[in-house]
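So you can see what is in the structure, the chains are spelled out below.
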Amino acid sequence: QQQVKQSPQSLIVQKGGIPIINCAYENTAFDYFPWYQQFPGKGPALLIAIRPDVSEKKEGRFTISFNKSAKQFSLHIMDSQPGDSATYFCAARPSGTYKYIFGTGTRLKVLA
Amino acid sequence: NAGVTQTPKFRILKIGQSMTLQCAQDMNHNYMYWYRQDPGMGLKLIYYSVGAGITDKGEVPNGYNVSRSTTEDFPLRLELAAPSQTSVYFCASSPDLTDTQYFGPGTRLTVL
């Protein structure tokens, strides 16, 4: 069964720190890798996404790094703020499908 | 533009009862999805639809049914509720040719 493994399960950083969340997948036939941000009591919201033909993508303070050979991708949050405290999910979409496989989530807390 | 709306927000069911979780979107999206989110786990796809009248099973369809009679609505039916169906349910939608999924606020269901 296709899986996406996400780590760490939880993360605490000081304001201004750079939390890094990692995801690894086991199947090469994925064509889209989004990251979602979820605040308590809310649905997930798309944060940033990358395709496998790109090694890095930046949007504001959020960066995805993608290592195709290692089958890994990670989310970096620059200059983290208390408002970034949320749960972050990575996901991967198998090629040719509309289905997404989600990681188990990382609960991030940024201390003021 | 309300986006994706879900009702109810909370519900407690007794074992064996049935109910329908409502989902509606006003963005004219063809694709709609139902996920469940268990504590400490990623989202699992229950059912999805690529247009009115077309539905298909996701990863965990057992115990659920869906219908899609209009583009806007995608209700999820639980028959004979079981404690294992205690979860938070999210509905999502996406346009035809882009990759972003838009999530509703979720329904928290408890089966006792």
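Our structure is the block above this text.
Treat the numbers as computed from the prediction; the structure is a model and nothing was measured.

*Asks:* What should I look at first to understand the interface of chain A and chain B in this one?
*Replies:* Often, the extent of an interface is quoted as the loss of accessible area upon association of its parts. The interface is formed by 18 residues belonging to chain A together with 20 residues belonging to chain B. Here chain A packs against chain B, burying approximately 1600 Å² in sum over the two surfaces, 55% of which is carbon and sulfur. When residues of chain A are sorted by the area they lose upon contact with chain B, Y98, K99 and F102 of chain A head the list and together hold 34% of the total. Across the contact surface, chain A and chain B share 1 residue pair in polar contact (both at pLDDT 80 or more). Mapped by element, the contributors of at least two residues to the side of chain A that touches chain B are β4 (30-38) and β9 (86-94) of chain A. For the side of chain A that touches chain B, the element with the most residues is β4 of chain A, which contributes 3 residues. Of the residues that constitute the side of chain A that touches chain B, the class distribution is 8 nonpolar, 6 polar and 4 charged.

*Asks:* Is there a simple way to think about the sheet that holds strand β1 (residues 4-7) of chain B in this case?
*Replies:* Across a sheet, strands are paired by hydrogen bonds formed along the backbone, either parallel or antiparallel in direction. All names here are of chain B. The strand order across the open sheet built from 4 strands is β1-β3-β8-β7, with neighbouring strands paired in antiparallel fashion. Each of the sheet's edge strands pairs with one partner strand only, and the pair in question is β1 and β7 (64-66). Strand-to-strand twist of the sheet, defined as the mean angle between neighbouring strand axes without regard to direction, takes the value 20°. The pairing of strand β3 (residues 19-25) with strand β8 (residues 76-78) spans 3 bridges and is classified as antiparallel. By the bridge assignment for β8, M19 is matched with L78.

*Asks:* Hey, could you run me through the state of the cysteines in this one?
*Replies:* Put plainly, two cysteines are in a disulfide when a covalent bond ties their sulfur atoms together. For the coordinates displayed, the defined rule picks out 2 disulfides over all chains. One disulfide in the model links C23 of chain A with C90 of chain A; its S-S distance is 1.9 Å. The chirality of the disulfide connecting C23 of chain A with C90 of chain A is left-handed, given an S-S dihedral of about -95°. One end of the pair, C23 of chain A, is in strand β3 (residues 20-25); the other, C90 of chain A, is in strand β9, and 67 residues separate them in sequence. Accessibility classification places C23 of chain A together with C90 of chain A in one group, the buried group. In this model, C23 of chain B is linked to C91 of chain B through a disulfide, with the two sulfur atoms separated by 1.8 Å. Since a negative S-S torsion denotes a left-handed disulfide, the C23 of chain B-C91 of chain B link at about -70° is left-handed. Placement of the pair is C23 of chain B in strand β3 and C91 of chain B in strand β9 (residues 87-94), with a sequence separation of 68 residues. Both residues of the pair, C23 of chain B and C91 of chain B, belong to the buried class.

Scoring rules and cut-offs
Residues numbered from 1 in each chain as written. Chains lettered and ligands numbered in written order. Predicted model: local features only at pLDDT ≥ 70, side-chain atom pairs only at ≥ 80, totals over all residues. Heavy atoms only, no water. Contact = heavy atoms within 4.5 Å. Buried area = accessible area lost by both parts, 1.4 Å probe. Polar contact = N/O pair within 3.5 Å; in protein donor to acceptor, adjacent residues only side chain to side chain. Helix = DSSP H or I, 4+ residues; strand = E, 2+ residues; numbered from the N terminus. Nonpolar A, V, L, I, M, F, W, Y, C, P; charged D, E, K, R; others polar. Pairing = 2+ DSSP bridges. Axes fitted to C-alpha atoms, helices over the stretch in contact; angles between N-to-C directions. Disulfide = S-S within 2.5 Å. Buried < 20%, exposed > 50% of the residue type's maximum accessible area, 1.4 Å probe, protein only.

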